[in-house]
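Tertiary structure, described
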Amino acid sequence: MDIVTLAEVAGNLNVVGYGLAAIGPGIGLGILIGKTIEGTARQPELGGRLQTLMFLGLAFVEVLALLGFVAAFIFQ
């Protein structure tokens, strides 16, 4: 194998790695938003507080997705 082939394989692995890193936050967002809607349905008076906490959790989950994106470039 020559250097170009190895570079192409490494580039493809980075794309696969980022795809796998994006699956986790995607599942996390689905669970987070679903549980917030469920909690609001059970106790509508807490809807505003639950929404605030959901957006805080959403920020943390998105940071994980961005870390996966940045790691793909760092570990090239």
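Computed from a prediction, not measured in an experiment: that's the story for all the values here.

A count of helices and strands for the chain gives two helices and zero strands. Counting the 76 residues in the chain, one finds 14% classified as buried. A total of about 5,800 Å² of accessible surface is found on the chain, and carbon and sulfur atoms cover 74% of it.

On the secondary structure map, A65 appears in helix α2 (residues 47–74). On the basis of relative accessibility, which here comes to 14%, the residue A65 falls in the buried class.

On to the pattern of salt bridges, then. Overall, the coordinates contain two salt bridges when judged by the stated rule. Here K35 ties to E38 by a salt bridge, and the two come within 3.8 Å at their closest N and O atoms. Taken together, the residues span about one helical turn, with K35 and E38 both in helix α1 (residues 3–42) at a distance of three residues. Residue classification places E38 among the partly exposed residues on the basis of a relative accessible area of 34%. Across the salt bridge formed by E38 and R42, the nearest N and O atoms sit 3.4 Å from each other. Here E38 and its partner R42 are both found in helix α1, four residues apart, which amounts to about one turn of the helix. Within the structure, one salt-bridge network assembled from shared partners comprises K35, E38 and R42.

Turning our eyes to something else, we now look at the UniProt feature "transmembrane region" (unreviewed entry) in the chain. UniProt records the feature "transmembrane region" (unreviewed entry) at residues 15–33 and 53–75, using the numbering of this structure. Here residues 15–33 is 100% helix and 0% strand, with 27 Å between the C-alpha atoms at its ends.

This next bit is on the side chain of T36. Tracing the backbone shows T36 in helix α1. For T36, a relative accessible area of 13% gives the class buried. If we skip the residues at most four places from it in the chain, T36 touches L50, Q51 and M54.

What follows deals with a nonpolar patch on the surface. Taken together, the side chains of Y18, F69, V70, F73, I74 and F75 present a nonpolar region at the surface, about 630 Å² in accessible area. Per element, the largest residue contribution to the nonpolar patch is four residues, and it comes from α2. If you trace the backbone, V70 turns up in helix α2.

Basis of the calculations
Residues numbered from 1 in each chain as written. Predicted model: local features only at pLDDT ≥ 70, side-chain atom pairs only at ≥ 80, totals over all residues. Heavy atoms only, no water. Helix = DSSP H or I, 4+ residues; strand = E, 2+ residues; numbered from the N terminus. Buried < 20%, exposed > 50% of the residue type's maximum accessible area, 1.4 Å probe, protein only. Areas by Shrake-Rupley, 256 points an atom, 1.4 Å probe, with all protein chains shown as cover. Salt bridge = Lys/Arg side-chain N within 4 Å of Asp/Glu carboxyl O. UniProt positions renumbered as here; feature names shortened; annotations may be inferred. Contact = heavy atoms within 4.5 Å. Patch = residues over 30% accessible without salt bridge, like charges linked within 9 Å, V, L, I, M, F, W, Y side chains within 5 Å.

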